[in-house]
Amino acid sequence: MGGVSARYRDGARDAFPVVLGYTAIGLAFGVVAQTAGFTVAEVAVMSLVLYAGSAQFVAVGLIAAGAPASAIVLTIFLVNVRHLLYSTALSPHVRRLAPWQNALIGAELTDETFAVATLRLNGGALASAPWLFGINNTSHAAWLACTTLGALLGSSIADTRVLGLDYALPAMFAALLVLQAAGRPEKGAVLAAAGAGAVVGLGGALVMPAGWAVIAATLAAATLGVALEGRVEG
Amino acid sequence: MTVRAWVVWVILGCALVTVIPRVVPLVFLSRVKMPRVIERWLGYVPVAVLAALFAQSVAMPAGRLDLTPGNHALLAAAPVLLVALLTRSLIGTVVSGVALMAVLRLLAAW
């Protein structure tokens, strides 16, 4: 296991794919926000305290469009309420940690950090606090730095899409999906759950906000997985 | 380095409603012993979330469904899954995916 700083460094290293993904999206967000009239300081404040990729794009769009504050806050809540599921799913792994540690860990929970963290937490494994802080702080720092840089450079920046960097996150989702599924014993149930998650996540996004579709996909897929468990395999 | 006060207030409001669903279950449910079936159910959450996020990110890269061959993210989806299956390497898959996307775009521009 090593000491506290070694585990923090392990976490920082595990966050590397997230950092790659946040680089492209973060730069893009900074440019978009600057173009929409946001100052560099406002972008930095937003990335520091809100720290949520898709929600920040939505917030910038609504603020720039002059939407009322109550509507903006409600919309962001609906975009981000899926984190309830991540936080709940992570909770059995942090039952030995102090409440203040869990509060700080939760404050930096994102789609990507949740996925990276749970990869190492199969079964009932307990997470170490420094390791989770290493993942979270590194990812958050990358997001803050890249969004701020994007806002500083503004539209003078070259199109990051040319480099293919914006595909880092989809590729990371694919790899984590395969690794998560491979690490579990009930293969049939896991495959069925993954299929259901993809279908409901995609179909749902056509008729409701993408964040809600993730919730619908998770409810359907996890229920299907548990129902099939022990039935597909002996 | 200027900030508009009302913008900061709106951001703080957004941050508050975001941090509550992130923090509350971690702080309180971690104190509760959950029934075995719920723990098993929660064990499927990462796979379910990743499948949904992956499907959305490759089939609707610009926020709306695009199942045409012009959607490079969708073209790269199967090769990237294959690399992940064969190598079982997170970094290897991410780097391959980024490189593949760059090549696809170069070919399309050429």
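Before reading on, note that the structure itself is shown above.
This structure is a prediction, so every number in the text was calculated from the model and none was measured.

## Examining the overall build of chain A
Now for step 1: Scanning chain A for helices and strands turns up twelve helices and zero strands.
Now for step 2: Listed by position from the N terminus, the elements making up chain A come as α-α-α-α-α-α-α-α-α-α-α-α.
Now for step 3: The C-alpha radius of gyration computed for chain A amounts to 19 Å, which stays within 12% of the reference 17 Å derived for 234 residues, consistent with globular compactness.
Now for step 4: Its C-alpha atoms put chain A at 60 × 50 × 35 Å along the principal axes.
Now for step 5: Classification of the 234 residues of chain A by burial places 54% in the buried group.
Now for step 6: Nonlocal contacts in chain A, meaning residues at least 24 apart in sequence, comprise 80% of its contacts between residues at least 6 apart.
Now for step 7: For chain A, the accessible area works out to roughly 8,900 Å², and carbon and sulfur atoms hold 70% of it.

## Regarding the nonpolar core
Now for step 1: Ranked by size, the top nonpolar core spans 94 residues in total, and within it Met46, Ile76, Tyr86, Tyr167, Met172 and Leu176 of chain A carry the most contacts.
Now for step 2: For this core, the element with the highest residue contribution is helix α10 (residues 168-182) of chain A, accounting for twelve residues.
Now for step 3: Looking at which domains feed residues into this core, each of domain 1 (1-32) and domain 2 (34-109) of chain B gives three or more.
Now for step 4: Methionine 172 of chain A has contacts with Pro17, Val18, Glu112 and Val116 of chain A together with Leu90 and Val94 of chain B, leaving out every residue within four places of it along the chain.
Now for step 5: Listed in part, the six residues of the second largest apolar core include Leu202 and Ala213 of chain A together with Ala59 and Met60 of chain B.

## Comments concerning the environment of methionine 101 of chain B
Residue and element names in this part refer to chain B.
Now for step 1: Relative to the assigned elements, methionine 101 resides in helix α6 (residues 90-109).
Now for step 2: The class for methionine 101 is buried, based on a relative accessible area of 0%.
Now for step 3: With ten residues separating them along the chain, methionine 101 and isoleucine 91 place their C-alpha atoms 15 Å apart.

Parameters and conventions
- Residues numbered from 1 in each chain as written.
- Chains lettered and ligands numbered in written order.
- Predicted model: local features only at pLDDT ≥ 70, side-chain atom pairs only at ≥ 80, totals over all residues.
- Heavy atoms only, no water.
- Helix = DSSP H or I, 4+ residues; strand = E, 2+ residues; numbered from the N terminus.
- Rg over C-alpha atoms; globule rule 2.2 N^0.38 Å.
- Buried < 20%, exposed > 50% of the residue type's maximum accessible area, 1.4 Å probe, protein only.
- Contact = heavy atoms within 4.5 Å.
- Areas by Shrake-Rupley, 256 points an atom, 1.4 Å probe, with all protein chains shown as cover.
- Core = buried A, V, L, I, M, F, W, Y, C linked by side-chain atoms within 4.5 Å.
- Domains from an automatic or database assignment.

Spatial relationships are all this shows, so hold off on functional conclusions.
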